[in-house]
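Read off the chains here:
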Amino acid sequence: MTVTVRVPAKVNVQLGVGGLRADGFHDLANVFFAVALGDEVTATAGEPGTGVTLSCTGPDADAVPLDDSNLAARAARLLAAHHGLAATDVHLHIAKAIPVAGGMAGGSADGAAALVACDALWKLGTPAEVLLELAAELGSDVPFALVGGVALGRGRGEILEPLPVTGTYHWVFAVADGGLSTPAVFRECDRLREEAGTGSADTEVATPDADPALLAALADGDAVALAAVLTNDLQPAALSLRPALAATLRAGTEAGAIGALVSGSGPTCAFLAKDADAAEAVAAALRASGSCRAAHATHGPVPGAAVTAGE
Ligand code: C5P
């Protein structure tokens, strides 16, 4: 018995970061956008007593932890515990295309995919709202990987409101050498705010809100208008920790991208192109520039984690 789930990566077309809360998280106005660049997670019933085992293939497979820290393994265990299952013998194979520690929620995507795959494998029929709650326990970005499309994430990113969107947008992602730690980038954001004298606590920083111009651009299907208002409050922190990203952003813009920003906490850089041909040209120019390890042209929005095959 085998179930395969396809799950998208995300880019944040707006990442508004509020102050540091007492619980160590930041309140966000986080406009998630799901793209076709994605992973596949295949769940196979394991021999009795084997527990949860993992394997991974793909260009970054060596960087994927295959122990209990992997969100896919934690998701399988959490789902089993929620239903009081005695046995959790399952092998999860991750076919990895999403950059690892790249700011595209690849680990979160695998967690979401494992929830959906194990739910189908174990024939649990868990209601969608319960899967969303379990996803939020796993991490701030996991619920969005279940939902896909375009959504506003409030709170630490886990309180989701689907947003109206028209059309297909063409993206390019430039993958950097090595990842960035999300907590380290949030810490650097706080440090830069302290250095600038604005303060970093939630009592000092205004709670961010979704940009009405950005919501209108998405609803209208206007890529040029969207490109003009892309923002990421974590970008100064990512650039501070990885100054070379400035050259990547410049290379994509010079190659004709209509918008450029760091994806989430980075270091992947995201570029919006006016159509599919322009995206291929930007990707080729980025590869030739030597300012990134790889560049992928893709599109979105696409749906969240969904079963593609089972037997
Ligand atoms: O929720 P997740 O496990 O993905 O978060 C990883 C880390 O990123 C948190 O421990 C925190 O340091 C930081 N974070 C944050 N504010 C958020 C989301 C994440 O500070 N809204």
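Residues numbered from 1 in each chain as written. Predicted model: local features only at pLDDT ≥ 70, side-chain atom pairs only at ≥ 80, totals over all residues. Heavy atoms only, no water.

### Overview of the overall build of the protein
Reasoning step 1: Along its length, the protein carries 10 helices and 12 strands.
Reasoning step 2: Taking the principal axes of the C-alpha coordinates as reference, the protein spans close to 55 × 45 × 35 Å.
Reasoning step 3: Burial status across the protein gives 53% buried among its 311 residues.
Reasoning step 4: In the protein, 77% of the contacts between residues at least 6 apart in sequence involve partners at least 24 apart.
Reasoning step 5: Counting every atom, the protein has about 12400 Å² of accessible surface; 55% of that belongs to carbon and sulfur.
Reasoning step 6: Averaging the positions of the 17 positive and the 35 negative side-chain charges in the protein gives two centres separated by 4 Å. (Helix = DSSP H or I, 4+ residues; strand = E, 2+ residues; numbered from the N terminus. Buried < 20%, exposed > 50% of the residue type's maximum accessible area, 1.4 Å probe, protein only. Contact = heavy atoms within 4.5 Å. Areas by Shrake-Rupley, 256 points an atom, 1.4 Å probe, with all protein chains shown as cover. Lys, Arg positive; Asp, Glu negative; His and termini not counted. Charge placed at Lys NZ, Arg CZ, Asp CG, Glu CD.)

### Considering the side chain of R156
Reasoning step 1: By the secondary structure assignment, R156 is in the loop between β5 (150-154) and β6 (159-162).
Reasoning step 2: Buried within the structure, R156 lacks any salt-bridge partner; its nearest side chain of opposite charge belongs to E158, at an N-O separation of 4.1 Å.
Reasoning step 3: In this structure the side chain of R156 is engaged in a polar contact, spanning 3.1 Å, whose partner is the side chain of S140. (Salt bridge = Lys/Arg side-chain N within 4 Å of Asp/Glu carboxyl O. Polar contact = N/O pair within 3.5 Å; in protein donor to acceptor, adjacent residues only side chain to side chain.)

### Comments concerning the pairing of strand β9 (residues 259-262)
Reasoning step 1: Relative to strand β10 (residues 269-273), β9 is paired through 4 bridges, and the arrangement is antiparallel. Residue pairing across strands places A260 opposite F271, the latter belonging to β10.
Reasoning step 2: If you look at the hairpin formed by β9 and β10, you'll find 6 residues sitting between the two strands, and G264 has a positive phi there, around 55°. (Pairing = 2+ DSSP bridges.)

### Some thoughts on the site of the ligand
Reasoning step 1: Around the ligand, the neighbouring residues are G24, F25, H26, L28, G139, S140, R156, T182, P183 and F186.
Reasoning step 2: Between a nitrogen atom of the ligand and a main-chain N or O atom of R156, the distance comes to 3.0 Å.
Reasoning step 3: Here the ligand, which alone exposes 450 Å², has 73% of that area covered by the protein.
Reasoning step 4: Element by element, the count of residues in the shell around the ligand is highest for helix α5 (residues 182-196), at 3 residues.
Reasoning step 5: The residue makeup of the shell around the ligand, split by class, is 4 nonpolar, 5 polar and 1 charged. (Near = heavy atom within 4 Å. Nonpolar A, V, L, I, M, F, W, Y, C, P; charged D, E, K, R; others polar.)

Keep in mind these numbers describe shape, not what the thing actually does.
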